[in-house]
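Per-entry structural report
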Amino acid sequence: MTAPVAIIMGSQSDWETMRHAAETLTALEVACDKQIISAHRTPDRLFAFARGAKAAGFRIIIAGAGGAAHLPGMAASLTELPVFGVPIESKALSGVDSLYSIVQMPAGVPVGTLAIGKAGAINAALLAASVLALNDPALAARLAAWRKAQAEAVAARPEGSA
C-alpha cells in the first residue's frame, strides 16, 4: 500500500525544512513518501505525480516550495487531493515571497498554507495527521497523546522562579 501522505519539494535544499514534516509523521506512525519534484525544472514529473497521486493511493500532499513557490499551487491544480503548502525560508526575502505565492491562490484552487519554515512543516504534518485521524481511531489516539505530551512539556513556571 502507498503511504497516505506524499511530501514533495522543489529541490534537495528544501529537505532541511521538509524533513521536519517527515519526522513528525514518523513520530505519529504515519507513513509518508518523499520526492523532489520541481515545478520549473521537472514539470513533466510534477504533472505525472499530481495527476496520478490519488490513483497511487495518496490521500494528502504536503508541498514545500521556496522562491517562486509554484509547486503547491500547481500540484493543487492537478489533483483533487488536499494540498498543504509549506513556504521554505529563502535567503533573499526570508520566505515571505514563498508565503505570498502559496497563500494567493485563485478561488477554486485551494492550498492550505502553513507558516514559513520548520514550524510550517511540523504543522503541515500535524494537519495531515488530523485529517487522516478522522477515519482512524488509532491515529486519533496517537495524535491526542502527542498533543498531551506537548502540553505537559510546557513548564508552569520559569526556571529559577519560586
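Because the structure is predicted, anything quoted here is derived from the model rather than measured.

**Here we look at the sheet that holds strand β4 (residues 83-87)**
Read across the open sheet, the 5 strands follow the order β2-β1-β3-β4-β5; overall the sheet is parallel. Taken across any chain shown, the strands that pair with only one partner, and hence form the sheet edges, are β2 (32-36) and β5 (112-113). Two elements, β4 and β5, share 2 bridges in a ladder whose sense is parallel. Bridge assignment links G85 to a residue of β5, and that residue is T113. This element, helix α3 (residues 71-78), spans β1 (5-9), β3 (60-65) and β4 of the sheet and lies at about 150° to β3.

**Description of the UniProt feature "binding site: substrate" (unreviewed entry) in the protein**
Under the local residue numbering, the UniProt record ascribes the feature "binding site: substrate" (unreviewed entry) to S11, D14 and R41. Taking the annotated residues in turn, S11, D14 and R41 line the largest pocket. Along the chain, S11 turns up in the loop between β1 and α1 (15-27). Taking the relative accessible area as the measure of exposure, S11 reaches 17% and is therefore buried. What S11 contacts, discounting residues up to four positions off in sequence, is I36 and R41. Reaching out from S11, the side chain makes a polar contact with the side chain of S13 at a distance of 2.9 Å. Within the secondary structure, R41 is located in the loop between β2 and α2 (43-52).

Rules and cut-offs
Residues numbered from 1 in each chain as written. Predicted model: local features only at pLDDT ≥ 70, side-chain atom pairs only at ≥ 80, totals over all residues. Heavy atoms only, no water. Pairing = 2+ DSSP bridges. Helix = DSSP H or I, 4+ residues; strand = E, 2+ residues; numbered from the N terminus. Contact = heavy atoms within 4.5 Å. Axes fitted to C-alpha atoms, helices over the stretch in contact; angles between N-to-C directions. UniProt positions renumbered as here; feature names shortened; annotations may be inferred. 1 Å grid on protein atoms, 1.4 Å probe; cavity = no way out; pocket = protein on both sides within 12 Å on 5 of 7 lines; lining within 4 Å. Buried < 20%, exposed > 50% of the residue type's maximum accessible area, 1.4 Å probe, protein only. Polar contact = N/O pair within 3.5 Å; in protein donor to acceptor, adjacent residues only side chain to side chain.

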